[in-house]
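Understanding the architecture of this molecule
The residues making up each chain are set out below.
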Amino acid sequence: MGEALRPRTLLGRRPGGLRLRTSAAATVVVALVLAAASLAFVLLQRHQLESSLSDVARQQASDIAAQVGLEGTQVDLVGGGGDQSLVQVVNVDRTVVAASSSVTGEPPVVALFPEPGDVVTLTSARLPIGEGEDFVVVAEGVDGPDGPMVVLAAQSLETVQESTAIVGRLLAFGSPLVLLAVALTMYWLTGRALAPVEAMRRQVATIDGTATLAARVPVPPGGDEITRLARTMNSMLDRLQNAADTQRRFVGDASHELRSPLATIRAAHEIQALHPDSADWTTTSAEVLAELDRVDRLVADLLLLARSDEHGLALRVQDVDLDDLVLAEASRLRRDGRLEVVVSAPPVRVRADEHHLARALRNLTDNAQRHASSRVELTLSTRGDVARIEVVDDGSGVRLADRERIFERFVRLDSSRARDSGGTGLGLPIARHIARAHGGDLICGEARSGGPCFLLTVPRTLDTENEALP
């Protein structure tokens, strides 16, 4: 089963691989270009050779026409011409009055009789010499002593046909060799180019999400696309490793936090079951309810974080009076009777999710209530377009090295890890998550009294792109 699911290499081990497809595509393109270029070369060569022979025939006709214009029918053409050419002089009666030796006694090779001074060129295969090959024929009219005449000069195109055939055979023989060289070269070059990709694939194939998640793909030298791909994959693996480590810590801490209240509830019931006569059911019930409340808060916090991690925090945006939320929290803290609560809350209105902001503020005040010695200060203010809520207590301050760590999930400082403190280690992370979902932030500093100061900032007008519906 594992072998069936193992990814196969893309470097040519299977038919249709990228390496083979790239080589085939490049070869096809070169073949089409080479075919078009070869055809154009053959046609251009044939045209140039035919033009050269036409120029030779025209020059020959012009020279003889000059002689005919002076000597008339007395021009001597017996020694002219040859196996590949012919010359005839035709009078107005369409009678050959002079001809080269290859066409002596033959009628005119073509039925052309242009006016004196005109030149006509044509290609014909029906001539009395040769073996059926084409000829280019030039007819030039001339006005001689014996009246109008026509000089016919013809050149055989056999050499053109032979040259074209030789070039065609050379191209037909050389093109496959060129295409083979192109295919092999492209196959080799593609293999070299994809070798780093194959190395990355082999490395990624060994990563199974456990201990090997720390492995990284090799980064080839240079700054090309493959190098950037390797760096991007390593960045992705870094994020995956961090997410996996965070998830393992989250699961471990969550199981620990849930196990503690459940163990307390179980122990209370077991003690009451073993000693029913001396059982204090009122005390036991109160302990069990307190632990159940702890479990309920923990489960609610876990669900909120799980949903926000998966889909982001959904916000029901409306006008919210922050001063009402701050005053409500101050009243709740005063009912405890143990702390002096100092509040400064001028009217401030923002566009935000009232439920989530109230929860963030509740988490901050609960944290201050647990750690304060005798005094908690709540201060609401504005700075520009940002609303600011400061929550200060007179408890022990937070060390500079711990001021970011306390916003990690399930992190509680050593002095605060007693379970009876009521904290779960999720209140501050949730409060920061809510603040950042609104475009603000939550940071921890130090007040002038030496105690911790938590500053919650929220933009007074929420960006439209940050608004979401559940």
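Since the model is a prediction, treat every value here as computed from it, not as a measurement.

The rules behind each value
- By convention here, each chain's residues receive numbers from 1 onward along its written sequence.
- Whole-chain, interface and lining totals are the exception, using all residues; otherwise, since this is a predicted model, local features are given only for residues with pLDDT of at least 70 and side-chain atom pairs are given and counted only at 80 or more.
- Hydrogens are left out, water is left out, and the side-chain values use all remaining heavy atoms of the structure.
- Each helix is a run of H or I in the DSSP string that is no shorter than four residues. Each strand is a run of E no shorter than two, and both are numbered from the N terminus.
- Any residue under 20% of the maximum accessible area for its type is buried, any over 50% is exposed, and the rest in between are partly exposed; the area is computed with a 1.4 Å probe on protein chains only.
- The contact definition used throughout considers only heavy atoms, calling two residues in contact when any of these lie within 4.5 Å.
- Per-residue and other accessible areas were derived by the Shrake-Rupley procedure at a 1.4 Å probe size, with only the shown protein chains allowed to occlude residues.
- As a per-residue measure, pLDDT tells how confident the predictor is, with possible values from 0 to 100.
- Fitting a line to C-alpha atoms yields each axis, with helices limited to the stretch in contact; the angle taken between N-to-C directions then spans 0 to 180 degrees.
- It is the rotation of the near helix from the far one that decides the hand of a crossing: anticlockwise by less than a right angle makes it left-handed, clockwise makes it right-handed.
- Residue classes follow a fixed rule: Ala, Val, Leu, Ile, Met, Phe, Trp, Tyr, Cys and Pro count as nonpolar, while Asp, Glu, Lys and Arg count as charged, and any other residue, Gly among them, counts as polar.
- Any cysteine sulfur atom paired with another within 2.5 Å is treated as part of a disulfide.
- Whether two strands pair comes down to DSSP finding at least two bridges between them.
- Using a 1 Å grid laid over the protein atoms alone, points where a 1.4 Å probe fits but cannot get out form a cavity; open sets with protein on both sides within 12 Å along at least 5 of 7 lines form a pocket; any residue with an atom within 4 Å of a point counts as lining.
- Grid points are joined across faces, edges and corners, and a volume is the space filled by probe spheres set on the points.
- In these notes the angle categories are as follows: under 35 degrees is roughly parallel, over 145 is roughly antiparallel, 65 to 115 is roughly perpendicular, and the rest is oblique.
- What we call a nonpolar core is a set of buried Ala, Val, Leu, Ile, Met, Phe, Trp, Tyr and Cys residues that are connected through their side-chain atoms within 4.5 Å.
- To estimate the expected span of a helix, count its residues, drop one, and scale the result by 1.5 Å.
- Whenever two N or O atoms come within 3.5 Å, that pair is a polar contact, provided that in protein one can donate a hydrogen and the other can accept it, and provided that, for residues adjacent in sequence, both atoms are side-chain atoms.
- Classification of ring pairs uses Phe, Tyr and Trp, with its six-membered ring standing for Trp, and accepts pairs whose centres are within 6.5 Å; under 30 degrees between planes counts as stacked, over 60 as edge-to-face, and the remaining range as tilted.
- We count a charge as sitting over a ring when the NZ of a lysine or the CZ of an arginine lies within 6 Å of the ring centre and within 35 degrees of the ring normal.

Looking now at the overall build of the protein chain. Each helix and strand counted, the protein chain has 8 helices and 12 strands in total. Within the protein chain, the fraction of its 470 residues that count as buried is 37%. Sequence separation of at least 24 residues holds for 62% of the intrachain contacts in the protein chain that already meet a minimum separation of 6. As displayed, the protein chain has an accessible area near 26500 Å², and 56% of this comes from carbon and sulfur atoms.

This part takes up the confidence of the model for the protein chain. Put simply, the protein chain has an average pLDDT of 80, and 86% of its residues get 70 or more. Confidence over residues 1–13 falls short of pLDDT 50; this stretch has 19 contacts with residues more than four positions distant or in other chains. Contacts for the low-pLDDT stretch residues 415–420, under 50 throughout, to residues beyond four places or in other chains number 8 contacts.

Right, let's talk about the packing of helix 7 (residues 354–371) against helix 8 (residues 427–437) for a bit. Here helix 7 crosses helix 8 at 145°, and the two axes come no closer than 9 Å. Crossing geometry of helix 7 relative to helix 8 is assigned as left-handed. Between helix 7, through His-356, Leu-357, Arg-359, Ala-360, Asn-363, Leu-364 and Asn-367, and helix 8, the contact on the second element is made entirely by Gly-427, Leu-428, Ile-430, Ala-431 and Ile-434. When the residues that make up the contact of helix 7 with helix 8 are grouped by side-chain class, the tally is 7 nonpolar, 4 polar and 1 charged.

Per the counting criterion, the structure on display carries 0 disulfides. The thiol of Cys-444 is not disulfide-bonded; the next cysteine sulfur, from Cys-453, is found 7.9 Å away. Owing to a relative accessible area of 11%, Cys-444 belongs among the buried residues under this scheme.

With mixed pairing, 5 strands are arranged side by side in an open sheet as 7-9-10-12-11. Each having just a single partner strand, strand 7 (340–344) and strand 11 (441–446) make up the two edges of the open sheet. Each neighbouring strand pair of the sheet contributes to a mean axis angle of 15°, computed without reference to strand direction. As paired elements, strand 7 and strand 9 (residues 375–383) share 5 bridges and run parallel to each other. Residue Ser-344 lies in a different strand from strand 9, and its bridge partner there is Thr-379. Where helix 7 meets the sheet, its contacts fall on strand 9, strand 10 (386–393), strand 11 and strand 12 (452–459), and the angle it forms with strand 10 comes to roughly 20°.

Before going further, it helps to examine the layout of surface pockets. Any space left empty among the atoms is revealed by the rolling of a water-sized probe across them. What the second largest pocket holds in volume is close to 320 Å³. Around the second largest pocket, the lining comprises 14 residues; the ones closest to its centre are Thr-246, Phe-407, Glu-408, Arg-409 and Pro-429. Breaking the lining of the second largest pocket down by element, the ones donating at least two residues are helix 4 (225–274) and helix 8. Split into classes, the residues belonging to the lining of the second largest pocket amount to 6 nonpolar, 2 polar and 6 charged.

On to the packing of helix 2 (residues 18–71) against helix 3 (residues 158–205). Where helix 2 contacts helix 3, the axes come no closer than 8 Å and their chain directions differ by 160°. The angle between helix 2 and helix 3 falls in the class roughly antiparallel. In terms of crossing hand, the pair formed by helix 2 and helix 3 is right-handed. Of the residues in the contact of helix 2 with helix 3, the class split is 21 nonpolar, 12 polar and 3 charged.

Pairing between strand 1 (residues 85–91) and strand 2 (residues 96–99): 3 bridges, direction antiparallel. When the sheet's bridge partners are listed, Val-90 is paired in strand 2 with Val-96. Where strand 1 folds back on strand 2, the antiparallel hairpin that results is connected by 4 residues, among which Arg-94 adopts a positive phi of roughly 65°.

Further remarks concern the nonpolar core. Counting 47 residues, the largest nonpolar core has Leu-322, Val-350, Leu-357, Leu-364, Ile-389, Leu-442 and Phe-454 as the members making the most contacts within it. The contact partners of Leu-322, leaving out residues within four places of it in the chain, are Val-348, Val-350, Leu-357, Leu-380, Ala-387 and Ile-389. Formed by 15 residues, the second largest nonpolar core is a distinct cluster that contains Ala-61, Leu-77, Met-149 and Val-151.

Right, let's talk about helix 7 for a bit. With 18 residues, helix 7 extends 26 Å from end C-alpha to end C-alpha; this agrees with the ideal 26 Å at 1.5 Å per step. Buried within helix 7 we find His-356, Leu-357, Ala-360, Leu-361, Asn-363, Leu-364, Thr-365, Asn-367, Ala-368 and Gln-369. For helix 7, the side-chain oxygen to backbone nitrogen distance between the N-cap and His-355 is 3.1 Å, and the N-cap itself is Asp-353.

Moving on, we come to the packing of aromatic side chains. Summed over all chains, the structure comprises 1 aromatic pair. With 6.4 Å between their ring centres and 85° between their planes, Phe-407 and Phe-454 make a pair best called edge-to-face. Highlighted residues: Phe-407 in the loop between strand 10 and helix 8 and Phe-454 in strand 12, separated in sequence by 47 residues. Judged by its relative accessible area of 7%, Phe-407 is buried. A cation over an aromatic ring shows up here: Arg-19 above the ring of Tyr-187, its NZ or CZ 4.0 Å from the ring centre. Sitting over the face of the ring of Phe-407, Arg-432 holds its NZ or CZ atom 3.9 Å from the ring centroid.

In this model, Arg-94 sits at a positive phi of 65°, which is unusual for a non-glycine residue. Within the secondary structure layout, Arg-94 lies in the loop between strand 1 and strand 2.

Moving on, we get to the environment of Ile-430. Tracing the sequence through the fold places Ile-430 in helix 8. By relative accessible area, Ile-430 is classed as buried at 1%. Sequence-distant contacts of Ile-430, that is, excluding residues within four places in its chain, are made with Asp-301, Leu-304, Leu-305, Arg-359 and Asn-363.

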